[in-house]
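In case you want the letters, here they are:
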Amino acid sequence: MEHHAEILRDGRWYRQAPGWRDLAATVLVLALILVLGSTARQMVAPLGAARQPDITLSPLALPFYALRTTMRMLVAIAASLFFTFTYATLAAKSRRAEMVLVPLLDVLQSVPILGYLSFTVLFFVALFPGNELGPELAAIFAIFTSQAWNMAFSFYQSLRTVPRDLDEASRSFRFSAWQRFWRLEVPFAMPGLVWNTMMSMSGGWFFVVASEAIAVGDLQINLPGVGSYVARAIAERDLAAVGWAIVAMSAAILVYDQLLFRPLVAWADKFRFEQTAAASVPRSWVLDLFRRARLLRRVTSPMAAGLASAARARLSLPPALHGLIGWGPRRRIGDLAWYGLIIAGIGAALRQLYRVAGAELSWGDVAVAAGEGGLTLLRVAVLIALATVVWVPIGVFVGLRPKLAEAAQPLAQFLAAFPANLLFPVAVFFILRFDLAPRIWLSPLMVLGTQWYILFNVVAGASAFPSDFREAAASFRIGGWRWWREVMLPGVFPFYVTGAITASGGAWNASIVAEAVSWGQTRLSAGGLGAYIAERTAAGDFPRIALGIAVMSLFVIAANRLLWRPLYAFAERRTRLD
């Protein structure tokens, strides 16, 4: 039923008065603006006034802490979206840029959060001396590094698998590159990007302790937030405080799921690539409320019209520049020159690394780091294989049922957001109680948060799978293992590869907090490269921190080059939806 701004009464048209939906939507928007505005003001206050003398374990402080943590995550998500739309687009559109940007993305994904904090926290604190903004930016940047790479990989995968017939149709309508981006490529990528944004938001919770309770050598910074609350609860072995932190985290996830992600999932469903209407679609009470709030729609219509006009604008370069851009050396000569620049850049980086750390390191240190990296590699391979076997069938089952996906969405976000630190008491207790081997039984903590990358991407792929393809398979009576092999697994394979890449990189990252755990004064180490970096970070040993990060980056790049990139190419070649 259509909703009009005017109604017919006694033969005359009258403008409808604002109803309860207008009031509810206006109150909701104003409340969000006030809450976010007051939180942002505290984040830029002078350092002495904004930071509390100590992090209290009182449950009454948790709503304020949860709000501060959520604010940092929202800022990091906004930065991650900007990074995704620029970085991933350039990597997907330019062959030469892809040579650098995709391997660089592998490196950035593999660098652990502690590695970023070790070298960036001092920079941000010095950039804004005496102001809370410096530590806040350091924490936001750390959260950004746990969110951006997954979103960039998802958008890159979508841009590389846009159906050819849609691309040819956009070119036949003479769309400019700008129009093709906003009217074809972004809408096609939106369902998968929304699910990966949810996963990235949850991934920020997984590393919130490291980003808010910053400890690098002698530098100790505790920002008000759930992460610093959990860090103190672990240090004091306060199980009740850990339980309250779980409650606060669950409430925060439920709130932003209802106000942000549930509306986005329902809105993005209209961009599914299919030729028949889906039998059921996801719903959101917030989205329905805003769509039926006439007053809010009237206020925001100029901005919506402006954005629509910007997306339809035929932006192009001045004619004088086309000749300059078209000129250039032959492709082979240009490639050789580009490869030369890449090699020169890598050589300069290695030289700088040797100047910083070479005097204090020996080949024995390299051998130790490489051996620890091999142990972590074995753990990552086994855990990703197990996660694949478990979560791919479950993800397909959930993704093909919109109502079930809607019900499971907040639960999946909570499980993905659950920090491994909160399981340290359980892990330490059972390992000590039953005299278990830490090298084996601490390993599952590595995949606790990263396995959900596979689940979320497979759910996104199954949700975006065209209904007409499913109906065609049903009409041909394709079932059983043949249905999995010929219909569904090829349909979700590009999404799975994206999830597996980010899950494996995330598992390497999670090894920092999973291979060396503490509960009060009790400390257990499983060995491995994560424990190596964590111990060197606590000691402020910057040369060996750099060595551990470099070794981890090499392992991740090798795995991506030898396994995941060939699978990416196979997905582009054989499993496109056209």
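As the structure is a computational prediction, the values presented were derived from the model and not from experiment. (Residues numbered from 1 in each chain as written. Predicted model: local features only at pLDDT ≥ 70, side-chain atom pairs only at ≥ 80, totals over all residues. Heavy atoms only, no water.)

1. A word on the pattern of salt bridges
The final tally for this structure, using the stated rule, is 13 salt bridges. Note that Arg262 is salt-bridged to Asp257, the shortest N-O span being 3.3 Å. Each of the two residues, Arg262 as well as Asp257, counts as buried. In this structure, Glu515 and Arg379 form a salt bridge, with 2.8 Å as the shortest nitrogen-oxygen distance. Of this pair, Glu515 sits in the loop between α24 (480-514) and β5 (516-519) while Arg379 sits in helix α17 (residues 363-399), and the two are 136 residues apart along the sequence. For Arg379, a relative accessible area of 7% gives the class buried. (Salt bridge = Lys/Arg side-chain N within 4 Å of Asp/Glu carboxyl O. Buried < 20%, exposed > 50% of the residue type's maximum accessible area, 1.4 Å probe, protein only. Helix = DSSP H or I, 4+ residues; strand = E, 2+ residues; numbered from the N terminus.)

2. Brief notes about a nonpolar patch on the surface
Nonpolar side chains collect at one region of the surface, where Val426, Phe429, Phe430 and Phe434 lie side by side and expose about 410 Å² of accessible area between them. Within the fold, Val426 resides in helix α19 (residues 424-433). (Patch = residues over 30% accessible without salt bridge, like charges linked within 9 Å, V, L, I, M, F, W, Y side chains within 5 Å. Areas by Shrake-Rupley, 256 points an atom, 1.4 Å probe, with all protein chains shown as cover.)

3. A closer look at the packing of helix α3 (residues 62-93) against helix α7 (residues 148-160)
Packing of α3 against α7 leaves a shortest axis separation of 8 Å and a crossing angle of 40°. When the interaxial angle is binned, α3 and α7 end up oblique. For α3 against α7, the interelement crossing comes out right-handed. Together, Ile77, Ser80, Leu81, Phe83, Thr84, Phe85, Ala88, Thr89, Ala91 and Ala92 of α3 and Ala148, Trp149, Met151, Ala152, Phe155, Tyr156, Leu159 and Arg160 of α7 make up the contact between the two elements. Along the lines of polarity and charge, the residues of the contact of α3 with α7 split into 14 nonpolar, 3 polar and 1 charged. (Axes fitted to C-alpha atoms, helices over the stretch in contact; angles between N-to-C directions. Parallel < 35°, antiparallel > 145°, perpendicular 65-115°, else oblique. Left-handed = near helix turned anticlockwise from the far one by under 90°. Contact = heavy atoms within 4.5 Å. Nonpolar A, V, L, I, M, F, W, Y, C, P; charged D, E, K, R; others polar.)

4. Topic: the environment of Ser553
Residue placement: Ser553 occurs in helix α26 (residues 542-574). Residue class for Ser553 comes out buried when judged on its relative accessible area of 8%. Separated by 444 residues in sequence, Ser553 and Gln109 have C-alpha atoms that sit 8.4 Å apart.

5. Observations regarding helix α6 (residues 133-145)
Taking 1.5 Å per residue as the helical rise, α6 with its 13 residues ought to reach 18 Å, and the 18 Å between its terminal C-alpha atoms agrees with that figure. Within α6, 10 of the 13 residues are buried, which leaves the element mostly enclosed by the surrounding structure. The set of residues buried in α6 consists of Gly134, Pro135, Glu136, Ala138, Ala139, Ile140, Ala142, Ile143, Phe144 and Thr145. (Expected span 1.5 Å × (residues − 1).)

6. Remarks on helix α14 (residues 294-312)
Taking 1.5 Å of rise per residue, 19 residues should cover 27 Å, and α14 covers 25 Å from first to last C-alpha, within 8% of that figure. For α14, the principal kink sits at Thr300 and spans about 45°; a proline, Pro302, occurs within the next four residues. Along α14, the residues that are buried comprise Arg294, Leu296 and Ala311. (Bend = angle between axes of the 7 residues up to and from the residue.)

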